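The chain contents come next:
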Amino acid sequence: MATSSTSASVTPLSFTGTSPYSSSFQGILTRAVGIASIPLQELQNQDQTVLSEETQLATLQGTAAGLTTAVQALGTLGASQAVAASSSDTSIVTVTATGASAAATYTVNSVTSLASAASETSNQVGGYADSTTTPVSIIGSGSMTLVVGIPAVQIPITLTTATNNLVGLENAINATTAGVPPSGVTATILTTGNGNYLSVSAVNTGATTLQLFDGSVATGTDILTQAANQGSNAVFTLNNVLVTRSQNTLNDLISGATLTLVAASPTPPTPVTLTLASDPSQLSTALTTLVSAYNAAVGQINDQAGVSTGVLSGDSTIYQLEGDMQQMSTYQGSGSIKSLADMGVTFASNGVMSFDPTVLAGLSNSQVAGAFQFFGSPASGFGGLSQALDQVSDSATGAIANEQTALQSDDAGLQTQITNTEASINAMQKTLFQQLSQADTLISTLDTQQNLLTASIQSLNYVNYGYGQQSTSGG
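1. Quick look at the side chain of Thr237
- Positionally, Thr237 belongs in strand E11 (residues 234-238).
- Those residues in contact with Thr237, other than ones at most four positions away along the chain, are Thr107, Val108, Asn109, Ser110 and Leu242.

See below:
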């Protein structure tokens, strides 16, 4: 936004007249435009203030959102007891906590096999000579049957005279619905120095049936390698219970945890221990994040107050955020941990928060449990304070977002007024310029006429009265 006395859209006109008063006319024009531009400057200043407020609010929104997230994270740790998952042998199986809230131990006694996807290749001796001309269906004369799954599903494939080749067969198998082959398999052509082959692979892992008959299943011939790789299931024992799954990543066995099988167990198998246990170090990390987010908010709030007040000084959103932060500093729990100070979080006289991790590290197991109780959940306890913060920081419905929307409306209105004012000034300047030009021309014409009249009178004086002639007599 321009900060000069006139907008960039108001182009000053230069007056170049012919009368002795042309410079005075330029001064009149310049002064008139300057006076008319005073309201424009006021509008521009107002709009600049609005834009500055928008910028400051955008920064504040990001900082407040960071604080909201930090408080929510502590509530999540309180609800989950900061349960972390670990495996005694990640080369065999890994485990990830995905919501478990209680400590537990599990044993993967052995992993017999991993889940794999079925994959077969055409069994034509020497391959197909050409991918676009050599027929693939001889017995069925273009009628083929793809067999997939357990229980097996028969999928008819029809090739025309033009498509009875590897390319046509590949395209027919890969005919997709929303990007997924309806047959559940994909086909590709392998081109080797010894001929061309069709490779057919299942989209998903797990033991299955994968066959491709030239003709019908009853009378045709399977043109794929038979039982070379019909896929396999993951087979393992968990707490001495045999488990069979078609995938290697499992989230339905242990509540709140996901297992991923990585490799089969060695022989003899070595049991792998999976542990879900509370990890207090997560609290330390989360409190460090809270301190950083809180102090960032304190800094921005202080920038809007004091001697050097900012554009948001006195803004209701600032007061609302300050109030929410005050609740954080004074929050009292009902268990063995009563306040943030019990975990090493303190406040200086200037409102800045600090954290001493050694205090948290020195808590007993029962006190750590009390810390989790203190933080509660994202909807209760200290973590529940995030809901009030969210009413300020939410990017769609929060108080800051609402104020930004109002400011954007103000900006649009001011921009319209600025545009209209600029147009009015330009029109006034043009009209005044024309009027001054006419006056300058008239004055110049009158000056010329006056000079002519003066010359005529002087000429008459010379003729009639001899004015202006020197006397030649001595009397």
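2. A look at the layout of surface pockets
- When its volume is computed, the largest pocket comes out at roughly 190 Å³.
- Lining the largest pocket are Tyr294, Val298, Ile301, Asn302, Glu322, Met325, Gln326, Ser329, Phe347, Asn350 and Gly351.
- Sorting the residues of the lining of the largest pocket by element identifies helix H3 (281-303) and helix H4 (316-330) as the ones contributing at least two each.
- Broken down by class, the residue content of the lining of the largest pocket amounts to five nonpolar, five polar and one charged.

3. So, empty space enclosed by the protein
- Enumeration according to the criterion identifies one cavity of 30 Å³ or more in this entry.
- Considered as a void within the structure, the largest cavity measures approximately 30 Å³ in volume.
- Surrounding the largest cavity, Gln56, Leu60, Gln300, Gln304, Leu312 and Ile318 form its lining.

4. Considering the pairing of strand E9 (residues 210-214)
- In terms of residue burial, E9 counts as a mostly covered element, since four of its five residues are buried.
- Note: strand E5 (residues 143-148) against E9, five bridges, orientation antiparallel. Counted as the bridge partner of Leu146 is Leu212 from E9.
- By the bridge criterion, two bridges tie E9 to strand E10 (residues 221-222) in an arrangement that is antiparallel. Bridged to Asp214 within E10 is Thr221.
- In textbook terms, the turn of a hairpin is the stretch between consecutive antiparallel strands, and for E9 and E10 this stretch comprises six residues, one of which, Gly215, has a positive phi near 105°.

5. Focus on H4
- If you check H4, its first and last C-alpha atoms are 21 Å apart, about what 15 residues at 1.5 Å a residue would give, namely 21 Å.
- Close packing links the buried residues of H4 with helix H1 (22-80), H3, helix H7 (386-393) and helix H8 (399-465).
- Where H4 starts, the residue carrying a side-chain oxygen 2.8 Å from the main-chain nitrogen of Thr317 turns out to be Asp315.

6. Let's talk about the sheet that holds strand E4 (residues 117-121)
- Taken together, three strands build an open sheet; the order of strands is E4-E8-E7 and the sheet is antiparallel. Every interior strand has two partners, whereas the edge strands, E4 and strand E7 (185-192), have only one. Geometrically, the sheet is characterised by an average inter-axis angle of 20° between neighbouring strands, direction not taken into account.
- Here eight bridges tie E7 to strand E8 (residues 195-205), and the two strands are oriented antiparallel to one another. If you follow Ala187 over to E8, its bridge partner there is Val200.

7. Here's the deal with unusual backbone geometry
- The step from Ile150 to Pro151 runs through a cis peptide bond, and the omega angle for that step is -5°.
- Mapped onto the elements, Pro151 comes out in the loop between E5 and strand E6 (153-158).
- With an omega dihedral of -5°, the bond running from Thr267 to Pro268 counts as a cis peptide bond.
- The topology assignment puts Pro268 in the loop between strand E14 (257-261) and strand E15 (272-278).

8. Considering the pairing of strand E3 (residues 104-113)
- Across five bridges, E3 lies against E15 in antiparallel orientation. Residue Val108 lies in a different strand from E15, and its bridge partner there is Val272.
- Here four bridges tie E3 to E11, and the two strands are oriented antiparallel to one another. Opposite Ser110, over in E11, you have Thr237 as the bridge partner.

9. Thoughts on the environment of Ala152
- Tracing the backbone through its elements, the reader meets Ala152 in the loop between E5 and E6.
- On the accessibility criterion, Ala152 (48% relative accessible area) is partly exposed.
- Not counting chain neighbours up to four residues away, the residues in contact with Ala152 comprise Val147 and Thr209.

10. Points about the pattern of salt bridges
- In this structure the tally under the stated criterion is one salt bridge.
- Note that Arg245 and Asp252 form a salt bridge whose closest N and O atoms lie 3.6 Å from each other.
- Using a relative accessible area of 51% as the deciding quantity, one classes Asp252 as exposed.

11. A short note on the sheet that holds E5
- Spatially, the four strands line up as an open sheet ordered E6-E5-E9-E10, and their pairing is antiparallel. Two strands lie at the open edges of the sheet, namely E6 and E10, each paired on one side alone.

12. A look at the side chain of Ser19
- Tracing the chain through its elements places Ser19 in the segment before H1.
- Within the structure, the side chain of Ser19 is placed 2.3 Å from the side chain of Asp440, a separation counted as a polar contact.
- Contacts of Ser19, omitting those with residues within four sequence positions, involve Phe25, Asp440, Ile443 and Ser444.

13. Digging into the nonpolar core
- Judged by nonpolar contacts, the single largest core of 51 residues is most densely connected at Leu67, Leu287, Leu290, Met328, Met343, Phe375 and Phe382.
- For this core, the secondary structure elements donating two or more residues are H1, H3, H4, strand E17 (353-355), helix H6 (365-375), H7 and H8.
- Looking at which element gives the most residues to this core, the answer is H1, with twelve residues.
- With sequence-adjacent residues up to four places away left out, Met328 is seen in contact with Leu67, Val71, Leu290, Tyr294, Leu340, Phe382, Leu385 and Leu389.

14. Observations regarding the packing of H1 against H4
- Where H1 contacts H4, the two axes come as close as 12 Å, and the packing angle between them is 20°. Of the possible angle classes, the one that applies to H1 and H4 is roughly parallel. Our pair here, H1 against H4, has a crossing hand that is left-handed. Residues Leu60, Ala64, Leu67 and Val71 of H1 form the contact with H4, whose participating residues are Ile318, Leu321, Met325 and Met328.

The rules we used
- Residues numbered from 1 in each chain as written.
- Predicted model: local features only at pLDDT ≥ 70, side-chain atom pairs only at ≥ 80, totals over all residues.
- Heavy atoms only, no water.
- Helix = DSSP H or I, 4+ residues; strand = E, 2+ residues; numbered from the N terminus.
- Contact = heavy atoms within 4.5 Å.
- 1 Å grid on protein atoms, 1.4 Å probe; cavity = no way out; pocket = protein on both sides within 12 Å on 5 of 7 lines; lining within 4 Å.
- Points joined across faces, edges and corners; volume = space filled by probe spheres on them.
- Nonpolar A, V, L, I, M, F, W, Y, C, P; charged D, E, K, R; others polar.
- Buried < 20%, exposed > 50% of the residue type's maximum accessible area, 1.4 Å probe, protein only.
- Pairing = 2+ DSSP bridges.
- Expected span 1.5 Å × (residues − 1).
- Polar contact = N/O pair within 3.5 Å; in protein donor to acceptor, adjacent residues only side chain to side chain.
- Axes fitted to C-alpha atoms, helices over the stretch in contact; angles between N-to-C directions.
- Salt bridge = Lys/Arg side-chain N within 4 Å of Asp/Glu carboxyl O.
- Core = buried A, V, L, I, M, F, W, Y, C linked by side-chain atoms within 4.5 Å.
- Parallel < 35°, antiparallel > 145°, perpendicular 65-115°, else oblique.
- Left-handed = near helix turned anticlockwise from the far one by under 90°.

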